[in-house]
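Observations on the model geometry
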Amino acid sequence: MGKLKIIAIVGSLRSNSFHRQLAIEAGRLLGDSAELELLDFSDVPLLNPDFEYPAPDAVKRVRDIVKSANGIWFFSPEYNHFFSGALKNLIDWLSRPISESKPQVLRNKPAAVSGLSPGMSGSVVAQDHLVSLISVLNMKVMNQPRVAIPNVMQQIDTNGRLSLNPISFNFLETQAKAFVTFIQNNLK
Ligand code: FNR
């Protein structure tokens, strides 16, 4: 079997996003077992059903990338105890059938969820909402382990970059290994 392809969907559009840094760290931890590609969806427009078919080029592009993936790993910030509007808009697009004969691309895809926060929640409330949504869309969700890192400002280096402490690092490493196994067990 070749290397697995996992797509990282980061719910923050912020240029120095800690969630993007977390995704990059997760990609390193996957090692030789899987390649992690970050999905750039910054050009995906707000969904307006008036302009759904034919889909805009940016939507076609992200659909093709998601379709080609063996698994999707969400890195979700918590905005007002929910996941971000940018992520909801992307998932709304991905939830729609490509055409009358071609179903939506998230169906049956293995999914993992992680996040962090400056406060105590570690984004877990947002993650629960996200899991509800992607379950409705028939993704195969790995419910455990999930990673929710609180107090992230205590895990930043002098340059303001994410620098996970050993406890967080171990949780992320455990999740990376578990997700590879989960995907392998769900390969058709
Ligand atoms: C937040 N933040 C936040 N944090 C939290 O723990 N619970 C919350 O409900 C909220 N609400 C919230 C709303 C809005 C509109 C913003 C912009 C931020 C802080 C948020 O968790 C933090 O910005 C992200 O975790 C940072 O992630 P990135 O952008 O560095 O990936």
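Overview of the structure. (Residues numbered from 1 in each chain as written. Predicted model: local features only at pLDDT ≥ 70, side-chain atom pairs only at ≥ 80, totals over all residues. Heavy atoms only, no water.)

Digging into the site of the ligand
We apply this condition: Put simply, a residue is near a molecule or strand once any heavy atom of it comes within 4 Å of that molecule or strand. Think of a polar contact as two N or O atoms within 3.5 Å of one another; within protein, one of them needs to be a possible hydrogen donor and the other a possible acceptor, and neighboring residues in sequence only count if both atoms come from side chains. Accessible surface is estimated by sampling points in the Shrake-Rupley manner with a 1.4 Å probe; for residues, cover comes only from the protein chains shown. Think of it as three bins: nonpolar holds Ala, Val, Leu, Ile, Met, Phe, Trp, Tyr, Cys and Pro, charged holds Asp, Glu, Lys and Arg, and polar takes everything else, Gly as well.
As a structural note, the neighbourhood of the ligand is formed by 14 residues, with Ser12, Arg14, Ser17, Phe18 and His19 the closest of them. Here an oxygen atom of the ligand sits 2.5 Å away from a polar atom, N or O, in the side chain of Ser17. Here Ser121 contributes a side-chain N or O atom positioned 3.5 Å from an oxygen atom of the ligand. Protein contacts shield 70% of the accessible area of the ligand, which totals 620 Å² for the unbound molecule. Here the residues of the shell around the ligand are counted per class, giving five nonpolar, seven polar and two charged.

Comments concerning the nonpolar core
The following threshold applies: Only buried residues count toward a nonpolar core, which is a set of Ala, Val, Leu, Ile, Met, Phe, Trp, Tyr and Cys residues joined through side-chain atoms within 4.5 Å. Relative accessibility thresholds used throughout: buried, under 20% of the residue-type maximum; exposed, over 50%; partly exposed, between the two (1.4 Å probe, protein chains only). Only DSSP runs of H or I covering at least 4 residues are called helices, and only runs of E covering at least 2 are called strands; the numbering of each starts at the N terminus. Contacts are assigned to residue pairs with any non-hydrogen atoms lying within 4.5 Å of each other.
Membership of the largest hydrophobic core comes to 32 residues, with the highest contact counts inside it found for Ile9, Leu39, Phe74, Ile91 and Ile134. Those elements that provide at least two residues to this core are strand S1 (4–10), helix H2 (57–67), strand S3 (71–75), helix H3 (85–94), strand S4 (110–116) and helix H4 (124–136). Ile9 has contacts with Leu39, Phe41, Ile72, Trp73, Phe74, Phe75, Leu87 and Leu90, leaving out every residue within four places of it along the chain. Of all hydrophobic cores here, the second largest spans 28 residues; its members include Ala8, Ala26, Leu172 and Val180.

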